[in-house]
Amino acid sequence: MIDLKNLVKSRFIFVLPALIFLGIFILIPIISIFAMSFYSWDLLRPPKFIGWNNFKLMIGDKWFWNSIWVSIKLLILTVPMTFFVPLALALALYKETGSSKILRALFYWPYMMPAVAGTTMWKWLLSYDLGLLNYFLKSLGLSPVGWLLKPTPALFSIALLRTWAMTGLLMMMFITGLQNISEEYHEAAKIDGANKWQIFWYVTFPLLKNTNLLVLTTAIAHVFRDFAGIYVLTGGGPGYSTMVTPLYIYNSAFTQFRIGYAYAMSVVFLLISFVIAVMTLRVRETK
Amino acid sequence: MTKIVKWIFLIVALVFYMLPVYYSIASSFKSLQEVYNYPPTVFPSSPTLQGYREAIKNQDLLTYLKNTLFVSLVATIITVLICVMAGYGLAKGTFLGKLALNRLVVMTLFISAQVIMVPLFVIIKRLGLINNLWGLILPAVYTPTGMFTAIQYMKDIPDEMLESAKIDGANEWQIFWKIVMPLSQPLVAALAIFSFTWRWNDFVLPLLVVNKRSLYTLQLALAVIQGEYGGVPWNTILAFSTLTIIPTLIIFLLFQRFFMRGIMAGGLKY
């Protein structure tokens, strides 16, 4: 028998509603990813057990490997920008002044905006025949770029958009890190005759070690997870050139109705996310 | 010298970060002819509300607004309630498995919607919530970040306060409503602001759950009309997206402190 009195007294009852939602909408989905990845299923007929076949299929599926390769390329393009741009902004804005507060808010706003709306605005800027960007290029005497029409520029556009959207968050992380560094270190270095650049490289930057790791892991996690941005900007195209794993899983499930196969790919994607999560946790715990 | 370099850098950055926003808002006030004019104009030459009228009339913006507001508001109320309750239970409870549940909450911080997209769709379908606005609300009310913030907040409420209320004869519900809730106002405000913004901005869940036009949310509609056959004119699309970012700006300006504190707490104190 469930002892209601005890549930109330131990305060377990307060956790119960959240636990029900957690169970139905997070735990069951995660368990079913593993369970259903061994089935072939099109949503219409009942699922059929096929053992490891989905995984064997995945190993031979060049578009699946391509989707992971696309993410890696995006990481290589995005991570340096999402590290140095926010760091530079944070260095310029970490002191509490009226103007720095307003500027911080402006740089943060893109992160708060709906991803679909922000991406739509970029799409307008990047459009081939009407876009402002190509107009600038043409007025400089350069030829217009098919930003979203060719594989490499499309990848670059996504990296640019990601940087634009994430800078605010990462800048705030750096600002917090900088504000936690005691002024005494800088004073001491100044007395020893270090110039500003030396102070930054030999004093500030090493002291930011934990913040740096946090920013890096956050940036990596966000690039790996982006769905709405890529869905709206390129839809995975041209061809499969920007088809990241979440988008490929979505297409397999909802346009090709290969549900079981989508589950199997979700297992792999979950494991990748898990590795990133463990990295992030490690970083947080070293403090 | 360094000051000048700093300001030049800031101005260049500001142009880069605000250009898409400015140019889109400006273009949303252009007439259909002007938006397709070449060379593009930086200021609308004769500002018009044509795009906005089009978005409201032909694109049913008001229906989507109504749906989005309903989902965002109801989801926020439920989220705040279950988070505050669970935060209290997980911080101040004395039941078996409390530690394990606390760990579980931390684990869920790293599960993104994209990973469980397909099974989530199947469950929502089983529950009969496809093409139902509740299908956008119920799967979203457990938010890992919100739960985590609530637990951290509740840990700071002194045990003595709860003990003395108990000695005065208050039962658990009275303690929760008369002591914990009033003490949690800053937490409630923060959870409400974050939850509303997340739901307002959400795209993945509406994409999975809704395929009936009359149930679209703003973000889903904005994404769908861009791919539509025949093409919706750009001034309408941009008017649409301008309208959907205004609430985020207002919320942000009003509650800036919460966001900043949220990042400080969320970003560095997990």
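Above this text you will find the structure in question.
Small disclaimer: the values here were computed from a predicted structure and weren't measured.

Draft legend 1. Looking closely at a positive patch on the surface. On the surface, Lys95(A), Lys190(A), Lys196(A) and Lys3(B) cluster together into a patch of positive charge. Lys95(A) gets classed as exposed once you look at its relative accessible area, which sits at 53%.

Draft legend 2. Molecular detail of the interface of chain B and chain A. On the side of chain A, 89 residues touch chain B, which itself brings 92 residues to the contact. Joining chain B to chain A, the criterion identifies 1 salt bridge. With a shortest N-O distance of 3.0 Å, Glu172(B) and Arg11(A) are connected by a salt bridge. Our enumeration of links across chain B and chain A arrives at 13 residue pairs in polar contact (both at pLDDT 80 or more). Per-element accounting of the side of chain B that touches chain A gives the leading share, 16 residues, to helix α1 (residues 2-28) of chain B. For the side of chain B that touches chain A, the per-class residue count stands at 67 nonpolar, 20 polar and 5 charged.

Draft legend 3. Structural detail: the packing of aromatic side chains. Counted according to the given criterion, the structure contains 45 aromatic pairs over all chains. Look at Tyr88(B) and Phe176(B): their rings are 5.6 Å apart centre to centre, the planes differ by 45 degrees, and that puts the pair in the tilted class. One end of the pair, Tyr88(B), is in helix α4 (residues 61-92); the other, Phe176(B), is in helix α10 (residues 172-183), with 88 residues separating them in the sequence. No difference in accessibility class separates Tyr88(B) from Phe176(B), as the two residues are buried. By way of ring pairs, the aromatic residues Phe83(A), Phe84(A), Phe174(A), Trp197(A), Phe200(A), Trp201(A) and Phe205(A) are connected into one cluster.

Draft legend 4. Here's a closer look at the packing of α4(B) against helix α5 (residues 98-108) of chain B. Residue and element names in this part refer to chain B. Their axes nearest at 9 Å, the elements α4 and α5 cross at an angle of 130 degrees. With respect to each other, α4 and α5 are oriented oblique. Here α4 runs over α5; the crossing is left-handed. Contact with α4, carried on its side by Gly89, Leu90 and Ala91, involves Lys98, Leu101, Asn102 and Val105 of α5 and no other residues of that element. For the contact of α4 with α5, the residue count by class is 4 nonpolar, 2 polar and 1 charged.

Draft legend 5. Just the pattern of salt bridges, in detail. Applying the stated criterion across every chain, the model contains 8 salt bridges over all chains. Put simply, Asp202(B) and Arg199(B) hold a salt bridge, and the shortest N to O gap is 3.5 Å. As far as burial versus exposure is concerned, Asp202(B) and Arg199(B) are alike and both buried. One salt-bridge network, held together by shared partners, links Arg11(A), Lys166(B) and Glu172(B).

Draft legend 6. Main features of helix α6 (residues 115-126) of chain A. All names here are of chain A. With 12 residues, α6 ought to run about 16 Å at 1.5 Å a step, and its terminal C-alpha atoms sit 16 Å apart, in line with that. Within α6, 11 of the 12 residues are buried, which leaves the element mostly enclosed by the surrounding structure. What α6 keeps buried is the set Val116, Ala117, Gly118, Thr119, Thr120, Met121, Trp122, Lys123, Trp124, Leu125 and Leu126.

Draft legend 7. The arrangement of the environment of Tyr23(B) in detail. Inspection of the secondary structure assignment puts Tyr23(B) in helix α1. Separated by 21 residues in the primary sequence, Tyr23(B) and Pro44(B) place their C-alpha atoms 9.8 Å from one another. Setting aside chain neighbours within four positions, we find Tyr23(B) in contact with Trp124(A), Leu125(A), Leu130(A), Leu132(A), Lys30(B), Pro40(B) and Thr41(B).

Cut-offs and rules
Residues numbered from 1 in each chain as written. Chains lettered and ligands numbered in written order. Predicted model: local features only at pLDDT ≥ 70, side-chain atom pairs only at ≥ 80, totals over all residues. Heavy atoms only, no water. Patch = residues over 30% accessible without salt bridge, like charges linked within 9 Å, V, L, I, M, F, W, Y side chains within 5 Å. Areas by Shrake-Rupley, 256 points an atom, 1.4 Å probe, with all protein chains shown as cover. Salt bridge = Lys/Arg side-chain N within 4 Å of Asp/Glu carboxyl O. Lys, Arg positive; Asp, Glu negative; His and termini not counted. Charge placed at Lys NZ, Arg CZ, Asp CG, Glu CD. Buried < 20%, exposed > 50% of the residue type's maximum accessible area, 1.4 Å probe, protein only. Contact = heavy atoms within 4.5 Å. Polar contact = N/O pair within 3.5 Å; in protein donor to acceptor, adjacent residues only side chain to side chain. Helix = DSSP H or I, 4+ residues; strand = E, 2+ residues; numbered from the N terminus. Nonpolar A, V, L, I, M, F, W, Y, C, P; charged D, E, K, R; others polar. Phe/Tyr/Trp six-rings, centres within 6.5 Å; stacked < 30°, edge-to-face > 60°. Axes fitted to C-alpha atoms, helices over the stretch in contact; angles between N-to-C directions. Parallel < 35°, antiparallel > 145°, perpendicular 65-115°, else oblique. Left-handed = near helix turned anticlockwise from the far one by under 90°. Expected span 1.5 Å × (residues − 1).

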